[in-house]
Amino acid sequence: MSSPYFFMAFLYLLMAVLTALDAALTSFTLLPWFNGLRWLRVHFITLGVLTQITFGLLPGLVAIRTGQARPKFRWDIWATLNTGMLVLLIGIPLVNRTLIFSGGTLIFIAVVLLGLQLYGMRVAPGASSTPPTDNEVDPRAGRKFYLMGLAYFLVGIIVGTGLWLGWVGALRIHTPIEVHIPANNWGLLSMVFAGLLVDLYPRFSGRQLAWPRSITPIFWLMTLGALGLVVGPWIASQYFIVPGLILHLVATIWLWLNFVQPAWKERCSWSPGMRHIALSYFWMLAPVLVAPLILLGVPGFPGAGIEQNAPQALIYGWVLQFGYAIVPFLFRRAFLPKEPAKLGGSTFSLVTVNLGGAFLWASIFVTSYTGILHGTAYALWTLSALPITAEIWGIVRDGLARLETSGAAPKQT
Ligand code: HEM
């Protein structure tokens, strides 16, 4: 039963909608600015929604994929993660060092416990009941993406927790925020999202990825790419950043083509959910594509504006949009197991979330209208989350109603 994580994920989604609305009203100068809200805005989505879904989903998914017994629910991991989150949510706006340290440490311990649980679920080569055919991905592949993602998460937590605790000097980090963001985005989320596509694409698309044999090279390209993008800003060396950027870009585009190519010609396969996933990677690649212009210091190019705002377009355009498709799919599998599990999203959420990304980037370049464009971006992102929130609420309501009538517990996804 993974629903305690799913309920927390739903709660954080509601908070993410509220903080996006606040960002819109603040940019329109209709509301005063509150301390720490910027941190909350990003982390309700990343540490909130996506981390809860990851913890709730991975043990069961790895067990299903590798033909193992479903693992018992680990209340110790759930309690450690969520106590850490609560302490951090109090500590960060107050900039309270003890609370930030305790919250970060508890989340660190929860990630280690989940990593050890997944590591313990290894299957000896050839032991899996159904060895993959040539055009199928090895069912053990997803697990290694999740483990590598969690390893990068640990680096992201150390740097994020240490950012306001003065650890930067002791850890000899040159530009800490530029280590924190890549460790969590090009490391944790890129790897976990890649693992989810590897494990779930056959289920939500009814097809196999285009080139199953490309998954291992993609894994190593993405792992080494993320390493370059973490070590580079840590020691201020372009000799790590540039190859890291190229390796990660190749891995991401290769993964994206694996996802798009099998359904490319069939218009009917392109549900709003499939389009959400495909388009979300555009917002992931946008900062990567403009990075060389910033590194080269092209005159007149708003490098500082991009560094200031691109993380938000990354989290809302890529992470949240990917979640719009995958989160309702996982809720459906957990709460309505007898129904065909389809991806989430609608034409409305598709148009508004991507228009939001366009307005946020426009606010970086059209500086005379930054406030109104920035506010409009957040207003559009707030609107885009409403049908998804309603869709998830509908799934939970129907699922719980069926449980009451059948007296069973929600299904393990
Ligand atoms: C224990 C876990 C974490 C802690 C303690 C933490 C801490 C921080 C801190 C202190 C900042 C700087 C805020 C500022 O200077 O305004 C920050 C920024 C950021 N963090 Fe985290 N973080 C954590 C997890 C994550 C995760 C899991 C992700 C994404 C997957 C993430 C993504 C970001 C991004 C994108 C920013 C830049 C926000 C912006 O510039 O708007 N963080 N984090």
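Rules behind the numbers
- Residues numbered from 1 in each chain as written.
- Predicted model: local features only at pLDDT ≥ 70, side-chain atom pairs only at ≥ 80, totals over all residues.
- Heavy atoms only, no water.
- Helix = DSSP H or I, 4+ residues; strand = E, 2+ residues; numbered from the N terminus.
- Rg over C-alpha atoms; globule rule 2.2 N^0.38 Å.
- Salt bridge = Lys/Arg side-chain N within 4 Å of Asp/Glu carboxyl O.
- Buried < 20%, exposed > 50% of the residue type's maximum accessible area, 1.4 Å probe, protein only.
- Contact = heavy atoms within 4.5 Å.
- Domains from an automatic or database assignment.
- Buried area = accessible area lost by both parts, 1.4 Å probe.
- Nonpolar A, V, L, I, M, F, W, Y, C, P; charged D, E, K, R; others polar.
- Donors = N, O, S within 2.8 Å, 3.2 Å for Na, K, Ca; no water.
- Tetrahedral: all angles 85-135°; square planar, octahedral: opposite > 155°, others 65-115°.
- Core = buried A, V, L, I, M, F, W, Y, C linked by side-chain atoms within 4.5 Å.
- Near = heavy atom within 4 Å.
- Polar contact = N/O pair within 3.5 Å; in protein donor to acceptor, adjacent residues only side chain to side chain.
- Axes fitted to C-alpha atoms, helices over the stretch in contact; angles between N-to-C directions.
- Parallel < 35°, antiparallel > 145°, perpendicular 65-115°, else oblique.
- Left-handed = near helix turned anticlockwise from the far one by under 90°.
- Patch = residues over 30% accessible without salt bridge, like charges linked within 9 Å, V, L, I, M, F, W, Y side chains within 5 Å.
- Areas by Shrake-Rupley, 256 points an atom, 1.4 Å probe, with all protein chains shown as cover.
- Phe/Tyr/Trp six-rings, centres within 6.5 Å; stacked < 30°, edge-to-face > 60°.
- Lys NZ or Arg CZ within 6 Å of the ring centre and 35° of its normal.

### So, the overall build of the chain
What the chain contains, in helices and strands, is 13 helices and zero strands. Each helix and strand of the chain, placed in order from N terminus to C terminus, yields the pattern α-α-α-α-α-α-α-α-α-α-α-α-α. Radius of gyration (C-alpha) of the chain: 21 Å, near the 22 Å computed for a compact globule of 413 residues. Summarising its shape, the C-alpha atoms of the chain cover approximately 55 × 50 × 45 Å along the three principal directions.

### Examining the pattern of salt bridges
Following the criterion strictly, the structure yields seven salt bridges and no others. Close ionic contact of Arg65 with Asp199 constitutes a salt bridge, the shortest N to O distance being 2.8 Å. Within this pair, whereas Arg65 is found in helix α2 (residues 37-65), its partner Asp199 is found in helix α7 (residues 177-205), the two being separated by 134 residues in sequence. Among the salt bridges present, the one from Arg397 reaches Asp398, with a minimum N-O distance of 3.2 Å. You can call Arg397 partly exposed: its relative accessible area is 46%.

### Brief notes about the environment of Phe204
Mapped onto the elements of the fold, Phe204 is located in helix α7. The residues touching Phe204, leaving out its near neighbours within four places in the chain, are Leu197, Phe259, Met274, Ile277, Ile326, Phe329 and Leu343.

### A closer look at the domain arrangement of the chain
Under the domain assignment used here, the chain contains domain 1 (1-122), domain 2 (150-161 + 169-269) and domain 3 (280-399). A separation of 20 Å is found between the C-alpha centroids of domain 1 and domain 2. Of the roughly 1,400 Å² buried where domain 1 meets domain 2, counting both sides, 81% is carbon and sulfur surface. Three residues, Arg65, Phe108 and Val111, lead the burial of domain 1 against domain 2; their summed loss comes to 34% of the area buried on that side. Linking domain 1 to domain 2 there are one salt bridge. Tallied by class, the residues present in the side of domain 1 that touches domain 2 amount to 14 nonpolar, five polar and one charged.

### Describing the coordination of the iron atom of the ligand
Surrounding the iron atom of the ligand are the protein donor atoms His43 (NE2) and His180 (NE2), at 2.0 Å. Here the iron atom of the ligand is ringed by six donor atoms whose angles at the metal span 87 to 179 degrees, and the overall shape comes out octahedral. Of this pair, His43 sits in helix α2 while His180 sits in helix α7, and the two are 137 residues apart along the sequence. As far as the burial class goes, His43 and His180 line up, both buried.

### A short note on the nonpolar core
The nonpolar side chains of soluble globular proteins are, as a tendency, buried together. Counting residues in each nonpolar core, the largest one holds 129 residues, and the members touching the most others are Leu196, Phe204, Phe259, Ile277 and Phe331. With 19 residues, the top contributor of residues to this core is helix α11 (residues 303-335). Sequence-distant contacts of Leu196, defined by excluding residues within four places in its chain, comprise Leu57, Leu58, Leu61, Tyr146, Tyr201, Phe322 and Ile326.

### Regarding the site of the ligand
With respect to spatial proximity, 22 residues lie near the ligand, and among them Arg38, Trp39, His43, Thr46 and His180 are the closest. Residue Trp39 places a side-chain N or O atom 3.4 Å away from a nitrogen atom belonging to the ligand. His180 is positioned such that a nitrogen or oxygen atom in its side chain is 2.8 Å from a nitrogen atom of the ligand. For the shell around the ligand, the elements supplying multiple residues, two or more each, are α2, α5 (141-163), α7 and α11. Of the residues forming the shell around the ligand, the biggest block, six residues, is contributed by α2. Tallied by class, residues from the shell around the ligand come to 14 nonpolar, seven polar and one charged.

### Considerations on the side chain of Ser205
Its place among the elements puts Ser205 in helix α7. Side-chain polar atoms of Ser205 contact the backbone oxygen of Tyr201, separated by 2.6 Å.

### A word on the packing of helix α12 (residues 347-365) against helix α13 (residues 370-406)
One way to put it is that α12 packs onto α13 with a least axis distance of 8 Å and a crossing angle of 160 degrees. By the angle between their axes, α12 is roughly antiparallel relative to α13. The hand of the α12/α13 crossing is left-handed. Contact with α12, carried on its side by Phe348, Ser349, Thr352, Val353, Leu355, Gly356, Gly357, Phe359, Leu360, Ala362 and Ser363, involves Thr370, Leu373, His374, Thr376, Ala377, Tyr378, Leu380, Trp381, Leu383, Ser384, Pro387 and Ile388 of α13 and no other residues of that element. Classifying every residue of the contact of α12 with α13 by side-chain character gives 14 nonpolar, nine polar and no charged.

### Notes on a nonpolar patch on the surface
Together, Trp211, Val242, Ile246, Val250, Ile253, Trp254 and Leu257 give the surface a local cluster of nonpolar side chains, amounting to about 570 Å² of exposed area. Position of Val242 relative to the elements: it lies in helix α9 (residues 238-260).

### Considering the packing of aromatic side chains
The geometry of an aromatic ring pair comes down to the distance between the two centres and the angle between the two planes. On inspection of all chains with the given rule, the structure shows 26 aromatic pairs. Here Phe259 and Trp270 contribute two aromatic rings whose centre-to-centre distance is 6.2 Å and whose plane-to-plane angle is 75 degrees, an arrangement assigned as edge-to-face. Taken together, the residues span a long stretch of sequence, with Phe259 in helix α9 and Trp270 in the loop between α9 and α10 (272-295) at a distance of eleven residues. Owing to a relative accessible area of 1%, Phe259 belongs among the buried residues under this scheme. A relative accessible area of 12% places Trp270 in the buried class. Aromatic rings pair up to connect Tyr5, Phe55, Phe73, Trp75 and Trp78 into one cluster. Here the guanidinium or amino end of Lys144 rests over the ring plane of Phe219, the centre of that ring lying 5.3 Å away.

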